[in-house]
Each structure stands twice: as C-alpha cells, then as structure tokens.
2 protein chains.
Amino acid sequence: MANRLKPLIHPASVDLSDPAATTESPLEGKEAEARLVQIRARIEALQLALGAEQTRALLVVLQGRDASGKDGVVKKVFGDLNPTYCQVTAFKQPTPLELRHDFLWRAHQAVPAAGMIGIFNRSHYEDVLAVRVHSLVPESLWRLRYQHINDFERMLTDHGVTILKFMVHISREEQRQQLEERLEDPNKNWKFAASDLKERARWDDYTQAYHEMFLRTSTEWAPWYLVPGDKKTARNLLIGETVLATLERMDPKFPPGDPSVMALRGKIV
Amino acid sequence: MANRLKPLIHPASVDLSDPAATTESPLEGKEAEARLVQIRARIEALQLALGAEQTRALLVVLQGRDASGKDGVVKKVFGDLNPTYCQVTAFKQPTPLELRHDFLWRAHQAVPAAGMIGIFNRSHYEDVLAVRVHSLVPESLWRLRYQHINDFERMLTDHGVTILKFMVHISREEQRQQLEERLEDPNKNWKFAASDLKERARWDDYTQAYHEMFLRTSTEWAPWYLVPGDKKTARNLLIGETVLATLERMDPKFPPGDPSVMALRGKIV
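A quick note: this is a predicted structure, and the numbers were derived from the prediction, not measured. Along each chain, numbering runs from 1 in the same order as the chain's sequence is written. Lettering of chains starts at A and numbering of ligands starts at 1, both following the order in which they are written. The predicted nature of this model means local features are confined to residues of pLDDT at least 70 and side-chain atom pairs, given and counted, to a pLDDT of 80 or more, with totals for whole chains, interfaces and linings taken over all residues. Side-chain calculation: all heavy atoms of the structure are included, whereas hydrogens and water are not.

1. A short note on the pairing of strand β5 (residues 224-228) of chain B
Residue and element names in this part refer to chain B.
Link 1 in the chain: Only protein chains enter the calculation, and the probe is 1.4 Å; a residue is then buried if its accessible area is under 20% of its type maximum, exposed if over 50%, and partly exposed in between. Here a helix means four or more residues in a row that DSSP labels H or I, a strand means two or more in a row labelled E, and each is numbered from the N terminus. Across the five residues that make up β5, a large majority, five, are buried.
Link 2 in the chain: With burial as the criterion, each face of β5 is covered, one bearing Trp224, Leu226 and Pro228 and the other bearing Tyr225 and Val227.
Link 3 in the chain: Summarising the sheet, strand β4 (residues 161-169) and β5 pair through five bridges and their orientation is parallel. Each bridged residue has a counterpart across the sheet, and for Met167 the counterpart in β5 is Leu226. For two strands to count as paired, DSSP must find a minimum of two bridges between them.

Shown next, in the form of structure tokens:
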C-alpha cells in the first residue's frame, strides 16, 4: 500500500502557505473511508505483535494549531488500537511542578515503554512554539531547545523508540470554520476557550515558529511529516499510511514459546 | 437495556463451584454480538461526555485466574473507547521499587484522573490473592489489607471515582482449554509461562482466597461482580451491560460554553 507522505529531512525551507499544496491530492469519499478501515485493521494487527514482542516502542507526536484536528486523528487513526498497548498523553499548560523542571521532564515520563504505541497530543514542541510566540522564556533559552530536542529524540531512537512527528497543517479559513463549529455544536462548546482567539490573532507568529521548528528538528532519526489538514479523511489516510508503513518496516514478531512449556502441548491436566 | 449482573454486597457466601450457575443464561450467537456492538457504541458516546466534563472518573478492576479472559474483556468491551480518555494498567509482578512501598502505592498512581476511564488488568487485589496463596507476606499483614482496600476505595469514591470490580470466573476445564490454545496458536505461545501451571496446581487455594476477597471487600461503595467466564460473548455482554448501566447512572454532560465565547458565534474573523 502506497505511503504518500514524505518525511522532511533537514529541509532548507517548508511551504506553510497553502495546506492544499503540500502533497498530491489523496483519495476522498467512500474509497478513502474503506481504505482507512483496512489500514486501521492492519495497524491493529501489527500493534498486537509489537505488544507481545516488548522490545521496541512507537511514539507518534501530533502537533497543529488549535482546532486543527489532533483529537480527530487520535480517534480516527488510532481508535482501533488495543487499549492495553496504547497510551495517549495530552500536553496542556504545564503545572507549577512541571515548570520547576526542565521542559523535557514531563515528556520523558510519558515516553511509551517497549511494546507500547504512545501518542503525544501536543508535546515538548510547544516549548519552541507557544513558549516562543508568547516569550514565556528568554529567546536565549528557547533557541537552545532545538538541540536539546534533537539530542533527546536521538537518545530515545537509540533505545528502540521509533518516532513519527506529524504537523496537521490547516488554513486560516479552515480554523475559522472549525472554531465556529465548536460554537454551533452543544457537545463541542466546552472545547472553545477565549484564549483560542488570542492564539488565532498570532497566526503569522506561529507560522514562523513552525517553520523554524521544521528547519531545526526534522532529523533523519525523527523526521517531521507535514499533513494537509483541511480535508479530514485525506488527513487521516495520509497519517494512517505512514504509521502503517512504519510498523511494517519495524516488522514486530510474536515471540516463540518457552521450549519447556511448548513440550506440554496436549498434556495439560 | 437490562443489566443482568447483580452486585455482591456484603455477601455471606459466594458460590465459586460452577461458573455456569452464577447467573441466568445470557444471550449467545449473532443476537448477542449485535447487542454488544450497540452497548460499545453507547459506552463510547457516554465516555466522550465524561471526558469533556472532567469532574468524575470510572475505575474498572478486572480480576480472574490465568487465561480467564481479562485481556479479551479489555479488547472486546473497551476496544471502542476514545484512547484519549482511556488508560489501561496491567499489574505484573511488583518491581523492587514497588516492593519497597506499601501495596497500594502503585495502584494509587494508576487511578484514573477525572474524565478518564481507567482499567486495572489485575490490581491491588493480587495482594490478597497471589500474595496470600504463596505466603509472600505474613498472614498478619495480608489480613489487614482487606480493611486497607476498603478504606482506599471509599476514599476514591468520595472523590468522584466510581469503582466497578469484575471477577471473571472460569472453570478448571475452561482454563485447561485456554492454556492448550496458547500452545496451539503461534501468536499466543509467548503468553504461556511455566509458572502458569504452578498457579493452576493451587486451584483450590485460589478459590479460597477469592472467596474471602468477596466476603471482605464487596462493599456498597465498590461491589464485586462475579462474571461467568466460560462463554466469551456472554461474559463480554454481561460486563458491557454493567459498565453501560453505571455510565448511564453517572449521566455525564457536556459542559456549557463560556458565555463570553458563545457570544462570538458567527463573528469569528
């Protein structure tokens, strides 16, 4: 099955202007939905072997502006995973205790153990995004974090954690529609915070922060994938394809049984 | 929708002899499967509101002998949950650090936060089951733990954690078949440990330990449910019904939007 998202590896520049332009046109409609169902089933099957093997982990980092669909990706791409071997961490405003630690402390605690698929909904990248846009630490510090992040992610990779980083890239108009949708749908009202509009007002500052994030942290060991986010099914399909291709490359195997135990076959009383 | 499992509340005695006798005969076959699909969908919908509300949590404790189907329950009853608001903790042999703490320390860390459904696959009850059977601590200590557990669970309940405890009750013959199945199926060989047979040899000691567990820890605030486990679909259906009825009683609601934000409807630029 083709995987159409390409990793960004040490890019010289990334086009963040128009989400529609960042990849070839993917499937839509019923065909895409059917394909996503297939992909989810195959991801689930490989996850079971990964969970049984317990020697390696997969970490999926999801970034994107407010209302870009990160929650939707968790549900629509990873909703079939066996809950035993899946762990989602939503990174919110840091707590007072977290702020008394370095910025990687809380991320490190949430890294998936061998056998697990871990999903970061937002991540340590907020510390070079929101933190940069709002000057929450001095530039002299946040600038150092690109290197800290690369070093941290390389260490994890060296210890058997495969890292996939997706930035769900939506247009300004799409964000407007999604935010309006949160006001229209009573089940989504609670998701809308007054601060969301303050963030929206800093659109261009975030674009700049994301751009530099791509340039500085898209490494060969932990590349970024830029995902066009305005069309949900296409977005889910592109991410699903990449996750599946990665798990297929990892090729986890169910461990063999203990020989002394296997000898008991047919003899249990 | 009927909920046929009845909570055990301060029972004077529990019949652990024949799993088939512990509840009325539930649905089987296609009708049962279809009903489980419905139940899963309704659990998922209620879970979303619980996750949005973020004031209360649900803790599901699964206990049962080896190969009784606890992993199957996680997948078949809770497999549709939104991973963002679901957290499974599998309690294994305690680590050296865990053994340097009281027995509730690791359980407490794994308690679901408000908004979450937490599932314990085995739990602090191992500390009055395996620990008792193998005399891992003196009887004078494990006897105190019934009260410790009741006090702990009452404290959690007082803080908004609803607790459901299921013991999946299989027959000795069903365990034999399930263990043989693990030797037959190459994808399950890894699940069979030599120690499983040592545990099986202590069948009656475990029965006694389970029996006293029911008598001492089935409280009005955290009752046990005895689930006949030899028929998988029936087992899943009975647990699913009870989880759904509990969530319906909790009746979580999506929170209203912030009025200052709701006033922006149709006006986002």
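2. Points about the packing of aromatic side chains
Link 1 in the chain: Ring geometry is summarised as follows: Phe, Tyr and Trp rings, the Trp one being its six-membered ring, pair when their centres sit within 6.5 Å, and such pairs are stacked at plane angles under 30 degrees, edge-to-face over 60 and tilted between the two. All told, the structure shown has 10 aromatic pairs over all chains when counted by the stated rule.
Link 2 in the chain: Judged by centre distance (4.8 Å) and plane angle (70°), the rings of Tyr125(A) and Trp224(A) are edge-to-face. Placement of Tyr125(A) in the loop between β3 (117-121) and α5 (130-133) and of Trp224(A) in strand β5 (residues 224-228) is noted, with a sequence separation of 99 residues between them.
Link 3 in the chain: Note on Phe166(B) and Tyr225(B): the rings are 5.4 Å apart at their centroids and 35° apart in plane angle, and the pair reads as tilted.

3. Some details on the environment of Ala52(A)
Link 1 in the chain: Here Ala52(A) shows up in helix α1 (residues 29-53).
Link 2 in the chain: Note: C-alpha distance between Ala52(A) and Tyr85(A) (33 residues apart in sequence) is 9.3 Å.
Link 3 in the chain: Any two residues whose heavy atoms approach within 4.5 Å are treated as being in contact. Filtering out sequence-adjacent residues up to four positions away, Ala52(A) remains in contact with Phe254(A), Pro255(A) and Trp190(B).

4. A word on the relation of the copies chain A and chain B
Link 1 in the chain: Once chain A is rotated about the relating axis by 180° and shifted along it by 0.0 Å, it coincides with chain B to within an RMSD of 0.0 Å. This pairing of chains is accounted for by a two-fold axis.
Link 2 in the chain: When the interface residues of chain A are mapped onto chain B, 100% of them again lie at the interface, so the same face is used by both copies. Least-squares superposition of the copies uses the C-alpha atoms of those residues scoring a pLDDT of at least 70 in each of them.

5. Quick notes on the sheet that holds strand β2 (residues 86-90) of chain B
Residue and element names in this part refer to chain B.
Link 1 in the chain: Sheet architecture is open: five strands sit in the order β2-β3-β1-β4-β5, paired in parallel fashion. With one partner strand each, in any of the chains shown, β2 and β5 form the two edges of the open sheet. Pairwise comparison of adjacent strand axes, ignoring direction, gives a mean angle of 20° for this sheet.
Link 2 in the chain: Of the pairings in the sheet, the one linking strand β1 (residues 57-64) to β4 comprises eight bridges and is parallel in character. Considered in β4, the bridge of Leu58 is made with Thr162.
Link 3 in the chain: Helix-sheet contacts for helix α10 (residues 232-250) involve β1, β3 (117-121), β4 and β5, and the interaxial angle to β4 is about 170°. Helix axes are fitted to C-alpha atoms over the stretch in contact, other axes to C-alpha atoms as well, and angles between N-to-C directions run from 0 to 180 degrees.

6. Examining the sheet that holds strand β2 (residues 86-90) of chain A
Residues and elements named next belong to chain A.
Link 1 in the chain: Pairing is parallel in the open sheet, where five strands are placed in the order β2-β3-β1-β4-β5. Looking along the sheet, the strands with just one partner apiece sit at the ends: β2 and β5. Each neighbouring strand pair of the sheet contributes to a mean axis angle of 20°, computed without reference to strand direction.
Link 2 in the chain: Helix-sheet contacts for helix α10 (residues 232-250) involve β1 (57-64), β3, β4 (161-169) and β5, and the interaxial angle to β4 is about 170°.

Coordinates in, geometry out; function isn't part of it.
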